There are 2 protein chains.
Amino acid sequence: MESSVHLHSQLLELIPDSKRVTRGPSIVAAHSQDYSHHPPHQPDVVVFAESAEEVAKVLHFANHHRIAVTPCGVRTSLEGHAIPIHRGISLDVTPMNQVLEVRPQDFLVRVQPGVTRTQLNRELRKYGLHFPLDPGADASLGGMAATNASGTTAVRHGVMRDQVLDLEVVLVDGSIIHTGGMSAKSSAGYHMTGLFIGSEGTLGVITELTLRVYPIPESTVAARAVFSDLAAASESSYGIMQSGIPIGRIELVDEHTIFAVNQAKGTTYMEKPTLFLEFEGSRAAVQEDVRIVEEICREAGSDPGTPGTPGTPGTPGTPGNAAASLSNVDNTGGGLIDFVFETETEKRNLLWEVRHDAALAVIQTAPQKRMKVTDVCVPLSDLPEAIRMARETIDAYDTYGAILGHVGDGNYHVIFMVDPDNAEEMRIADEMNDKIVQYALSRGGTCTGEHGVGIGKMRYLAQEHPDTLPWMKRLKQVFDPNGILNPGKLFVDEQTE
Amino acid sequence: MESSVHLHSQLLELIPDSKRVTRGPSIVAAHSQDYSHHPPHQPDVVVFAESAEEVAKVLHFANHHRIAVTPCGVRTSLEGHAIPIHRGISLDVTPMNQVLEVRPQDFLVRVQPGVTRTQLNRELRKYGLHFPLDPGADASLGGMAATNASGTTAVRHGVMRDQVLDLEVVLVDGSIIHTGGMSAKSSAGYHMTGLFIGSEGTLGVITELTLRVYPIPESTVAARAVFSDLAAASESSYGIMQSGIPIGRIELVDEHTIFAVNQAKGTTYMEKPTLFLEFEGSRAAVQEDVRIVEEICREAGSDPGTPGTPGTPGTPGTPGNAAASLSNVDNTGGGLIDFVFETETEKRNLLWEVRHDAALAVIQTAPQKRMKVTDVCVPLSDLPEAIRMARETIDAYDTYGAILGHVGDGNYHVIFMVDPDNAEEMRIADEMNDKIVQYALSRGGTCTGEHGVGIGKMRYLAQEHPDTLPWMKRLKQVFDPNGILNPGKLFVDEQTE
């Protein structure tokens, strides 16, 4: 407490604004946690930075005095990145929330790190452009870069590392550097931009991003394909990927998760494995893509005696009309049960309701608890088996978990609701989590496809990257020799422990 | 010479095969240079490595004895990467040329670094897959990763960094590490894979790559659009990018370069700014994309009094028929002169002949000379002005240079033929090059979009990345403290100079 008071007065000398350098209980409490289940830790002081220069002042000071700094944005992290477990300073960059420059003809934009993705998209819409990455939460772009976030559109547009052309980063010595440039590609030296993306605030603090943006497609169509079993859904999703169609999103929701949504919302969606799809492009191209995808889904699980013979293709409705539900249900031998698509925005959203509401529905099953989310990513062909294994694991513990799969890139989440104070519940969740991660690693996959390592996956990072972990630690030494930046995340830094 | 003999015998103790550890004059001479204009330097010894373990032996030995090692593949570098300017060992990995594993259902492949891209594509064709990156030369994949190469398909598929999921790398201490994994995406720690890609053999030696591969599209259509002037061609290319059509390739060749091709080959192509395009996807989607692109091209440069009013869209021929040359030439006020497209492979190749043969045609203008190629990349909207400036510069020196533009990503090349022994000619080429690079840097662009820094762009790297160059040097210190790996490339390493 004494030291908090002293630190507060020291920081006020650097930034003489008591609204932005604060020990206020509600602000300190808010900055003690993020969206994750990890236990809260209060910072000594919260600093709201308004510029790179202020960030530089704080880092230079903190580095000199060996004080932990935990950078944060809107704190939607699911792995405790924003929790100041070594107290010190919570460095909040949300006041840096300006879209600095839109360059429509260059398909790029310069933003401050506190800008959220929906805020950016509101601004971009004026130019007929959008930033397609969608991690679900309305995350800040600085945070998305820090964790190399992605989401449902990764299958089409890649991950955060693919979007960032340049970062302004403040280093612990207070220097402010630019890592890249304004050109769409470059082979000029080591990939410094890529190094800071995904570094989880442990190498420097991001104070500006230059991002790729994309034209809003002429046409967007959402579709939902319901299957009799997981095998047919998986076969279809592979067929769709194999077709080379530039699919916008392809998401799998299993029957247990749809059951949860029905319970939570009183809806009556068919409780079967369901693919949620999005198509984008020119009107005619999208119409054709939908037709092909429906044909692929219809062939999945059809009589194996006639491989290659397309099933009778349904006559898809013209996109833009009311939902064209193809009701010629065929349950013989498994396969597609229903295929529906929609063009208009509101109806598209309704069509995707189950996918959008799945996490929320799971939260509603236990509103007093907190989320624990697995984030493994496996080679594409291993995904059906990985999901089946995850479901068996959940069932074996006689508990509940929702499964959401980014089928296009092998990344899927199991969402458990846990009470961090209930040791037995946490033990069970940890055991299930461990089984899911071990399977993924055994297949050459990763413990984290998009959420980052944070607090919760440090031992899995060590297991996944035994070869490079020592080198990661050496890089950390280069950029943060005193270990003040987000200590206790990503890996245990021997210097500070 | 003495030291060469001694080194040779030492290396023969490590790898007792005199065919693969050699001072043979023709082999040493071949390894003294690459495709670039940079002066040759002979290595003391050439080692042909057959495994990561052999690479490890050589590096461990060379590191201990402070002997320079220049890794190389098929030496198609245009910036001297493979030239052993500090003598020592030329470490040739071309014997490591096996496609180790094709995993069609995971859309990935494991290859050794000496596999060339056409070799890989021959193997992938059996699975209906392809590796789309096309830097022109039949480069080895290890070399492509080392320089973060890309080429004409970058607009659709990105650069080498976007394709590599995992690298096996041998470090100077002889350790063999894996940097990534088999999943399509990961947020597990620092981006070590990205750090080695584009490091030009200065941090480690790549001995295996895991790459993304893609389904061969159902349909591929090539098109050629001839414009009355550069402005109309530029406006069209921006319109095409803005349309959001997933264009496969979009290349600009200026009228002077077409003149050179006509001179070299006796052809009679219209000497006008020309866009070469490639479309890929489903048959119907591609047909629609071609129709839209033709409409965009037709609108470019049309009467500015009626903006937004589409010109009379031509009736495109059905792809797959003979070339549908739309001969309703409209020269009033500038704009599209001709639009032709082709579906069949041979006819597609013929349609793209000028683009494919441009570099060769320029070489034929001076077969006794060597190529010097600029490789700047600018923000997309600056490309027309950058190309105009480059043309003016070439004309001002009353010399000859071909201009080829990757219009989709702002990267363009000027190819000069130079006699490295002619000081005046080299001075002029250097001056022109400098003007072109300075313009790009002034626009926030890069000195190298895809060829890498090598020998020729070290001072431009220093100018482009003053903020990060000191950190790049620190990273070099971490991985190669004795500076044995490809010394004299990328930046001057104070340790070894």
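All figures in this text were calculated on a predicted structure; none of them were measured in a lab. (Residues numbered from 1 in each chain as written. Chains lettered and ligands numbered in written order. Predicted model: local features only at pLDDT ≥ 70, side-chain atom pairs only at ≥ 80, totals over all residues. Heavy atoms only, no water.)

### Points about the pattern of salt bridges
(1) Moving on: Within the structure shown, the criterion is met by 64 salt bridges over all chains.
(2) Moving on: Across the salt bridge formed by Glu123(B) and Lys126(B), the nearest N and O atoms sit 2.8 Å from each other.
(3) Moving on: A relative accessible area of 22% means that Glu123(B) is categorised as partly exposed.
(4) Moving on: On the basis of relative accessibility, which here comes to 62%, the residue Lys126(B) falls in the exposed class.
(5) Moving on: Among the ionic contacts, a cluster of salt bridges with common partners joins Asp17(A), Arg20(A), Glu50(A) and Glu54(A). (Salt bridge = Lys/Arg side-chain N within 4 Å of Asp/Glu carboxyl O. Buried < 20%, exposed > 50% of the residue type's maximum accessible area, 1.4 Å probe, protein only.)

### Quick look at the domain arrangement of chain A
Residues and elements named next belong to chain A.
(1) Moving on: Examined at the domain level, chain A breaks down into domain 1 (2–95), domain 2 (99–215), domain 3 (220–357) and domain 4 (366–454).
(2) Moving on: Computed over C-alpha atoms, the centres of domain 1 and domain 2 are 23 Å apart.
(3) Moving on: Across the contact, 16 residues belong to domain 1 and 19 residues belong to domain 2.
(4) Moving on: At the boundary of domain 1 with domain 2, total buried surface from both sides reaches about 1,300 Å², with 72% on carbon and sulfur atoms. (Domains from an automatic or database assignment. Contact = heavy atoms within 4.5 Å. Buried area = accessible area lost by both parts, 1.4 Å probe.)

### Digging into the relation of the copies chain A and chain B
(1) Moving on: Once chain A is rotated about the relating axis by 180° and shifted along it by 0.0 Å, it coincides with chain B to within an RMSD of 0.0 Å. The two molecules are tied by a two-fold rotation axis, judged by turn and shift. Relative to the rotation axis, the C-alpha of Ala285(A) is the closest in chain A, positioned 2.0 Å from it.
(2) Moving on: A share of 100% of interface residues in chain A that are also interface residues in chain B marks the association as one of identical surfaces. (Least-squares fit on C-alpha atoms with pLDDT ≥ 70 in both.)

### Remarks on the packing of helix H14 (residues 383–396) of chain A against helix H15 (residues 423–442) of chain A
All names here are of chain A.
(1) Moving on: At a minimum axis separation of 10 Å, H14 and H15 run at an interaxial angle of 160°. Considering the angle they form, H14 stands roughly antiparallel to H15. Here the hand of the crossing between H14 and H15 comes out right-handed. Side by side, H14 and H15 meet where Glu-385, Ala-386, Met-389, Ala-390, Thr-393 and Ile-394 of the first sit next to Met-432, Lys-435, Ile-436 and Tyr-439 of the second.
(2) Moving on: Looking at the contact of H14 with H15 residue by residue, the classes come out as seven nonpolar, one polar and two charged. (Axes fitted to C-alpha atoms, helices over the stretch in contact; angles between N-to-C directions. Helix = DSSP H or I, 4+ residues; strand = E, 2+ residues; numbered from the N terminus. Parallel < 35°, antiparallel > 145°, perpendicular 65-115°, else oblique. Left-handed = near helix turned anticlockwise from the far one by under 90°. Nonpolar A, V, L, I, M, F, W, Y, C, P; charged D, E, K, R; others polar.)

### Let's talk about the pairing of strand E13 (residues 249–253) of chain B
Residue and element names in this part refer to chain B.
(1) Moving on: Burial within E13 is extensive, with five of its five residues counted as buried.
(2) Moving on: Of the two faces of E13, both are covered, the one formed by Arg-249, Glu-251 and Val-253 as well as the one formed by Ile-250 and Leu-252.
(3) Moving on: Pairing between E13 and strand E17 (residues 402–406): three bridges, direction antiparallel. Each bridged residue has a counterpart across the sheet, and for Val-253 the counterpart in E17 is Leu-404. (Pairing = 2+ DSSP bridges.)

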